[in-house]
Amino acid sequence: MTRTIIAIAGASASGKSLFSQTIYNELVNELEPGAIAVIEEDAYYKDQSHLPFDHRTQTNYDHPDAFEHELMCKHLTQLRNGEEVEVPTYDYAQHTRSDKTRTVMPAEILIVEGILLLSDKALRKEFDIKVFIDTPLDICLMRRMQRDMEQRGRTLQSVVEQYQATVRPMFYQFIEPSKHNADLVVTRGGMNRVAIDIIKSKIKYLLQK
Ligand SMILES: Nc1ncnc2c1ncn2[C@@H]1O[C@H](COP(=O)(O)OP(=O)(O)O)[C@@H](O)[C@H]1O
Ligand SMILES: O=c1ccn([C@@H]2O[C@H](COP(=O)(O)O)[C@@H](O)[C@H]2O)c(=O)[nH]1
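Caption draft 1: Layout of helix α1 (residues 16-27). Over its 12 residues, α1 runs 17 Å from end to end, which matches the ideal 16 Å to within 8%, given 1.5 Å per residue. Of the residues making up α1, those classed as buried are Lys16, Phe19, Ser20, Thr22, Ile23 and Leu27. Angular distribution of buried residues about the axis of α1 spans 160°; they occupy a single face of the element. At its buried positions, α1 is contacted by β1 (4-10), β2 (36-40), β5 (109-114), β6 (129-134), β7 (184-187) and α7 (193-208).

Caption draft 2: Summary view of α7. Between its first and last C-alpha atoms α7 spans 22 Å; for 16 residues at 1.5 Å apiece the expected length is 22 Å, and the two agree. Buried residues of α7: Ala195, Ile196, Ile199, Lys200, Ile203 and Leu206, and no others. Within α7, the buried residues cover an arc of 135° as seen down the axis, which keeps them to one side. Summarising the geometry of α7, the exposed residues directed more than 90 degrees from the buried face are Val194 and Gln208. Buried residues along α7 sit in contact with β1, α1, β2, β5, β6 and β7.

Caption draft 3: A look at the site of ligand 1. Every residue near ligand 1 is listed here: Ala11, Ser12, Ala13, Ser14, Gly15, Lys16, Ser17, Leu18, Arg143, Arg147, Arg188 and Met191. Between an oxygen atom of ligand 1 and a main-chain N or O atom of Gly15, the distance comes to 3.0 Å. At 2.7 Å from an oxygen atom of ligand 1 is found a side-chain nitrogen or oxygen belonging to Ser17. Going through the elements one at a time, α1 and α5 (137-151) are the ones with two or more residues in the shell around ligand 1. Looking at the shell around ligand 1 element by element, the count peaks at three residues for α1.

Caption draft 4: Inspection of the pairing of β6 at higher detail. When you tally the buried positions in β6, you get five out of six residues, the bulk of the element. Bridge count for β1 against β6 is five bridges, and the pairing is parallel. By the bridge assignment, Ile6 is partnered in β6 with Ile129. Direction of pairing for β6 relative to β7: parallel, over a ladder of four bridges. Its bridge partner being in β7, Asp134 is matched across the sheet by Thr187.

Caption draft 5: How the structure looks around the site of ligand 2. Near ligand 2 you find 17 residues, and of these Ser12, Asp62, Tyr90, His95 and Arg144 are the closest. Contact between ligand 2 and His95: an oxygen atom at 2.8 Å from a side-chain N or O atom of the residue. In the complex, 98% of the free accessible area of ligand 2, which totals 470 Å², lies under the protein chains. Looking at the shell around ligand 2, the elements that each hand over two or more residues are α5 and α6 (156-178). Here the shell around ligand 2 is composed, by residue class, of seven nonpolar, three polar and seven charged.

What counts and what doesn't
- Residues numbered from 1 in each chain as written.
- Chains lettered and ligands numbered in written order.
- Predicted model: local features only at pLDDT ≥ 70, side-chain atom pairs only at ≥ 80, totals over all residues.
- Heavy atoms only, no water.
- Helix = DSSP H or I, 4+ residues; strand = E, 2+ residues; numbered from the N terminus.
- Expected span 1.5 Å × (residues − 1).
- Buried < 20%, exposed > 50% of the residue type's maximum accessible area, 1.4 Å probe, protein only.
- Arc of directions from axis to C-beta.
- Contact = heavy atoms within 4.5 Å.
- Near = heavy atom within 4 Å.
- Polar contact = N/O pair within 3.5 Å; in protein donor to acceptor, adjacent residues only side chain to side chain.
- Pairing = 2+ DSSP bridges.
- Areas by Shrake-Rupley, 256 points an atom, 1.4 Å probe, with all protein chains shown as cover.
- Nonpolar A, V, L, I, M, F, W, Y, C, P; charged D, E, K, R; others polar.

Listed below in structure tokens is the structure:
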């Protein structure tokens, strides 16, 4: 069986999750059970439970070193080879992994979404289709403020400070340059109906082959 791994990369709050989840939700009931799955790069943030909470708030979460990309690569290889994997789960409010894992079965179509997927050479080799969600950074910041305060237990001050200290500089150092590794660059992210339909058509085509 040929399996296809699709990477959806882009800035924080650019709409990667919305784009990925829209494709997944619109296809999941149409396809054979288990044909499609989604994995988040955020699940592979390093475990920091050995560090005091104050130290964890100081981590640069937008630098590649914050992730266990080796484990992610290993899991993608296992999934491609037809093996199930235990994906970690991440707690944004506690800034560390939770003690639960999520079992992911080897789907024919695997969508992977995350900020630094296209900046890592080893990870890039795992992807058959590479998409970059290209959303202006000021719009990402507005969305991130709202989302992080509502869903990730953050204050406005902490979002702004982190944005200036790491999120913005790391975007220019790592994420934006990685756009050139993409096969497709998508504007308007999760609301780009044409782009969503193109990826859906490609997935259906691959599953018919
Ligand atoms: N095109 C869009 N228009 C309006 N809101 C959007 C759009 N794309 C994403 N959002 C919202 O912005 C927030 C961040 O989007 P999300 O998909 O979680 O970003 P990412 O996964 O890139 O961090 C979410 O609350 C989401 O619903
Ligand atoms: O403990 C953490 C872990 C991550 N972050 C921020 O999350 C984003 C990546 O997630 P998206 O869903 O793509 O926005 C990244 O920019 C980190 O800064 C965090 O704040 N705290």
